[in-house]
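Coordinate inspection notes
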Amino acid sequence: MADPLFRQAVTNLMDEVTPTLQPVPGIDLDEYKKTLIERFSNPKIRDQLPRLCLNGSAKIPKFVLGSLRDKLQLGGAIDYLSLTIAAWCHYLNGYDDQNRPIPIDDPLADSLTQQARSGKTDPRPLLSLFEIFGDLVQSPRFVETVADKLRSLHEFGVQRTLVRSSQAQ
């Protein structure tokens, strides 16, 4: 979160999800989101990628896919939700942008990495895992948006993909 591109991407993701949320009495959602960004940006926290991605096969359906389904139903933007899925798929290939190995800690790691690697820049093998994504693979809009983000991650890397995503706003 020390990187302005990542901080902006997280902010954009929160803004993309906000229309799907029910109001909470007494909570100013914009202020709450600012508080979260400040908390996530605290250098003392220094959360690391392996912990964030730990057991992603349970976290993605629980924390991302509900909002994604709502946005698809509403016809709203899904750019940053799709980027989240594409980034997870990219991560599941097991290597960072400098081609260093990344450990995958997930009960479904073998299946996930096999599907992610078999598709390379095509997310459909991973998105076809019904136990995680249900029928979302049937949504051409979702699949194409994730595929576009995944191709960008493979071709340009994370930093340049974030720049390209912010410029598309």
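Here the structure is a predicted model, which means the values were calculated and not measured.

Conventions we followed
Residues numbered from 1 in each chain as written. Predicted model: local features only at pLDDT ≥ 70, side-chain atom pairs only at ≥ 80, totals over all residues. Heavy atoms only, no water. Core = buried A, V, L, I, M, F, W, Y, C linked by side-chain atoms within 4.5 Å. Buried < 20%, exposed > 50% of the residue type's maximum accessible area, 1.4 Å probe, protein only. Helix = DSSP H or I, 4+ residues; strand = E, 2+ residues; numbered from the N terminus. Contact = heavy atoms within 4.5 Å. Phe/Tyr/Trp six-rings, centres within 6.5 Å; stacked < 30°, edge-to-face > 60°. Axes fitted to C-alpha atoms, helices over the stretch in contact; angles between N-to-C directions. Parallel < 35°, antiparallel > 145°, perpendicular 65-115°, else oblique. Left-handed = near helix turned anticlockwise from the far one by under 90°. Nonpolar A, V, L, I, M, F, W, Y, C, P; charged D, E, K, R; others polar.

**Structural notes on the nonpolar core**
Soluble globular proteins tend to bury their nonpolar side chains together. Within the largest apolar cluster, 32 residues are counted, with the highest numbers of intra-cluster contacts made by Ile85, Trp88, Leu126, Phe133 and Phe142. Every element with two or more residues in this core is listed here: α1 (4-17), α4 (56-74), α5 (79-92), α6 (109-119), α7 (124-127), α8 (130-133) and α9 (140-167). The element contributing the most residues to this core is α5, with 9 residues. With sequence-adjacent residues up to four places away left out, Leu126 is seen in contact with Trp88, Cys89, Leu92, Leu112, Gln115 and Phe133.

**Observations regarding the packing of aromatic side chains**
Here the structure, examined in full by the defined rule, presents 1 aromatic pair. Measuring from centroid to centroid gives 6.3 Å for Trp88 and Phe133, while their planes differ by 50 degrees, and the two rings are tilted. Residue Trp88 is found in helix α5, and its partner Phe133 is found in helix α8; the two are separated by 45 residues along the sequence.

**Focus: the packing of α4 against α5**
At their nearest, the axes of α4 and α5 sit 10 Å apart, and the two run at 155 degrees to each other. With respect to α5, the axis of α4 lies roughly antiparallel. For the element pair α4 and α5, the recorded crossing hand is left-handed. On the side of α4, the interface is formed by Gly56, Ser57, Ile60, Val64, Leu65, Ser67, Leu68 and Lys71, while α5 contributes Leu81, Thr84, Ile85 and Trp88. Of the residues that constitute the contact of α4 with α5, the class distribution is 7 nonpolar, 4 polar and 1 charged.

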